[in-house]
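# Chain and residue survey
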Amino acid sequence: MISRDQRTPFSEWWWTVDRVLLVALIALMLAGVILSLAASPPVATRIGLDPFHFFNRHVLFLFPSIVVLIGVSFLSPRQIRRSALVVFALSVALIAATLLIGPEVKGARRWITLVGINIQASEIAKPSFVILAAWLFSEAARRPEMPATSMAMMLLLTLVSLLVMEPDFGQTMLITMVWGSLFFIAGMRVIWVFGLGATAAGGLFAAYLLVPHVAGRIKRFMNPASGDTFQVDMASEAFSNGGWFGLGPGEGIAKRSLPDSHTDFVFAVAGEEFGIVLCLALLALFAFIVLRTLSRAYRSEDLFSRFAASGLAILFGIQAGINMAVNLQLIPAKGMTLPFISYGGSSMVSLAYGVGMMLALTRQRPKTEVNAIEAAGSYA
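Read on for a plain summary of the structure. (Residues numbered from 1 in each chain as written. Predicted model: local features only at pLDDT ≥ 70, side-chain atom pairs only at ≥ 80, totals over all residues. Heavy atoms only, no water.)

In terms of regular secondary structure, the protein is built from 14 helices and two strands. What you see for the protein is a C-alpha radius of gyration of 21 Å, in line with the 21 Å of a compact globule of 380 residues. Relative to its full complement of 380 residues, the protein shows a buried share of 49%. Considering only contacts in the protein between residues 6 or more positions apart, those separated by 24 or more positions represent 74%. Measuring between centres, the 28 positive side-chain charges of the protein sit 6 Å from its 22 negative side-chain charges. (Helix = DSSP H or I, 4+ residues; strand = E, 2+ residues; numbered from the N terminus. Rg over C-alpha atoms; globule rule 2.2 N^0.38 Å. Buried < 20%, exposed > 50% of the residue type's maximum accessible area, 1.4 Å probe, protein only. Contact = heavy atoms within 4.5 Å. Lys, Arg positive; Asp, Glu negative; His and termini not counted. Charge placed at Lys NZ, Arg CZ, Asp CG, Glu CD.)

Moving on to helix α10 (residues 230-242). Side chains three or four residues apart in an α-helix point the same way, a direct result of the helix having 3.6 residues per turn. For α10, with 13 residues, the first-to-last C-alpha span of 18 Å sits near the 18 Å given by 1.5 Å per residue. Of the residues making up α10, those classed as buried are Val232, Met234, Ala235, Ala238, Phe239 and Gly242. The arc that holds the buried residues of α10, viewed along the axis, is 160 degrees, so those residues lie on one side. Taken together, the buried residues of α10 touch α11 (266-298) and α12 (303-327). Just beyond α10, the residue with positive phi is Gly243, at close to 60 degrees. (Expected span 1.5 Å × (residues − 1). Arc of directions from axis to C-beta.)

Another aspect to go through is the packing of aromatic side chains. Applying the stated criterion across every chain yields a total of 12 aromatic pairs. Ring centres 5.7 Å apart and planes at 55 degrees place the aromatic pair Phe137 and Phe183 in the tilted group. Here Phe137 is found in helix α5 (residues 121-142), whereas its partner Phe183 is found in helix α7 (residues 169-185), with 46 residues between them in sequence. We classify Phe183 as buried; its relative accessible area is 5%. By the ring-pair criterion, three or more aromatic residues cluster together here, those being Phe10, Trp13, Trp14 and Phe74. The side chain of Arg19 reaches across the aromatic face of Trp14, ending 5.2 Å from its centre. Over the aromatic face of Phe304 sits the side chain of Arg81, whose NZ or CZ is 4.8 Å from the ring centroid. (Phe/Tyr/Trp six-rings, centres within 6.5 Å; stacked < 30°, edge-to-face > 60°. Lys NZ or Arg CZ within 6 Å of the ring centre and 35° of its normal.)

Below, the discussion takes up the side chain of Ser122. One can find Ser122 in helix α5. Excluding residues within four positions of it along the chain, Ser122 makes contact with Ile95, Leu163, Glu166, Asp168 and Gln171.

Side-chain pairs of opposite charge can arise where the charged atoms are in close proximity. In this structure the tally under the stated criterion is seven salt bridges. Residues joined by salt bridges that share partners form a network here, namely Asp18, Arg292 and Arg296. (Salt bridge = Lys/Arg side-chain N within 4 Å of Asp/Glu carboxyl O.)

Compared with the 36 Å implied by 1.5 Å per residue over 25 residues, the 36 Å span of α12 between its first and last C-alpha is a close match. Burial of α12 is extensive: 21 of the 25 residues sit out of reach of the surface. Positioned one or two residues after α12, Gln329 has a phi angle of 60 degrees, which is positive.

Next up on the list: the packing of α5 against helix α13 (residues 345-361). Axis separation between α5 and α13 bottoms out at 7 Å; the angle between their running directions is 20 degrees. By the angle class used here, α5 and α13 are roughly parallel. The handedness of the crossing between α5 and α13 comes out as right-handed. Facing α5, whose interface residues are Glu123, Ile124, Pro127, Ser128 and Ile131, α13 presents Ser346, Ser347, Ser350, Tyr353, Gly354, Met357 and Leu361. A per-class count over the contact of α5 with α13 returns six nonpolar, five polar and one charged. (Axes fitted to C-alpha atoms, helices over the stretch in contact; angles between N-to-C directions. Parallel < 35°, antiparallel > 145°, perpendicular 65-115°, else oblique. Left-handed = near helix turned anticlockwise from the far one by under 90°. Nonpolar A, V, L, I, M, F, W, Y, C, P; charged D, E, K, R; others polar.)

This paragraph deals with the environment of Phe340. In this structure, Phe340 sits in the loop between α12 and α13. Sequence separation between Phe340 and Phe183 is 157 residues; the distance between their C-alpha atoms is 27 Å. In this structure, Phe340 is in contact with Leu28, Met29, Gly32, His58, Phe316, Met348, Leu351, Ala352 and Val355, ignoring residues within four places of it in sequence.

Time to look at the side chain of Thr172. Residue placement: Thr172 occurs in helix α7. A polar contact is formed between the side chain of Thr172 and the backbone oxygen of Asp168, at a distance of 2.8 Å. Thr172 has contacts with Val160, Leu163 and Val164, leaving out every residue within four places of it along the chain. (Polar contact = N/O pair within 3.5 Å; in protein donor to acceptor, adjacent residues only side chain to side chain.)

Taken together, the side chains of Trp244, Phe245, Val277, Leu280 and Leu283 make up a nonpolar region of the molecular surface, amounting to roughly 560 Å² of accessible area. By the element assignment, Trp244 lies in the loop between α10 and α11. (Patch = residues over 30% accessible without salt bridge, like charges linked within 9 Å, V, L, I, M, F, W, Y side chains within 5 Å. Areas by Shrake-Rupley, 256 points an atom, 1.4 Å probe, with all protein chains shown as cover.)

Turning next to unusual backbone geometry. That bond from Glu166 to Pro167 is cis: its omega, -10 degrees, falls within 30 degrees of zero. Its location among the elements puts Pro167 in the loop between α6 (148-165) and α7. Of note in this structure, Gln329 is not a glycine but carries a positive phi near 60 degrees. Topologically, Gln329 is positioned in the loop between α12 and α13. For Gln329, a relative accessible area of 32% translates into the label partly exposed.

Structure representation (structure tokens):
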């Protein structure tokens, strides 16, 4: 047992961190391991790799992710701001490098290889972007004379411009939704929120008119007969085959044909092999993590911690929601990983960084420490 009387960094972390939230995150990671084992072997075999290639790499990525998650959860709000500034600057540089030298795959440049490792820099940028936006909005609330809101707008435009050039409209939509949520939480006038929504809708319409693959996905969603809907059709069939309790581990049929059964459509594999009951349990687990974080954030007296933890929770929840909605054919198809469930090293490590900051920002801190944070809040 760890005594409350001990004054070590670990003991202080243990008694202040939200252990219930930590257990929920670990449970989600374990579910990801099980579903990776269920979904990835047919994909690996189909492309000539060892059957457990993707599963082994998923487990391999899990270890640094856990280290990042726990390590980041020890940080103070000031350290979080500083780390986010560095991470965001590096990720923007990597996105720019990707646009210049990254390989083009299906008409997009989203990956860059460094020292033999494929990196999707846009994944790394997301949690650090949320932290910087939350910091600027907290400064705008604390010091109205500071042009922090304009700076937050420039931050959004910078990242969105880079993502559109890749192009990656799914990440663009996700980033814009999270930024808009923070804008609203920060107490900005509703007219500005509606204005942002109208601008986003205009951008989506422009993408529909100017970008063929965006138009194609929307048309296939509205009229399945207008194009190839093989993956989403197979996903729907998987849920139908699985019923309430599933066909059993390893008995799924859809994963033998789905090219992305271990990434974008792992939720469909879960539905077929383990049933709707497991899917509802996963949905409940995601909802619990988001609502628990929002509840803890609401009780925080530090504006930055409140905004940042809320933004990270919203980012986590919207990303999960988009993936599950695509699997259920509720929205047009979009490549978006299911947090800690889908295969993907960049996604897993960046998510660990984000939820590590969630844990750090929702730790219980003495009143004197909160006052010190507020007093020093104007400085990175």
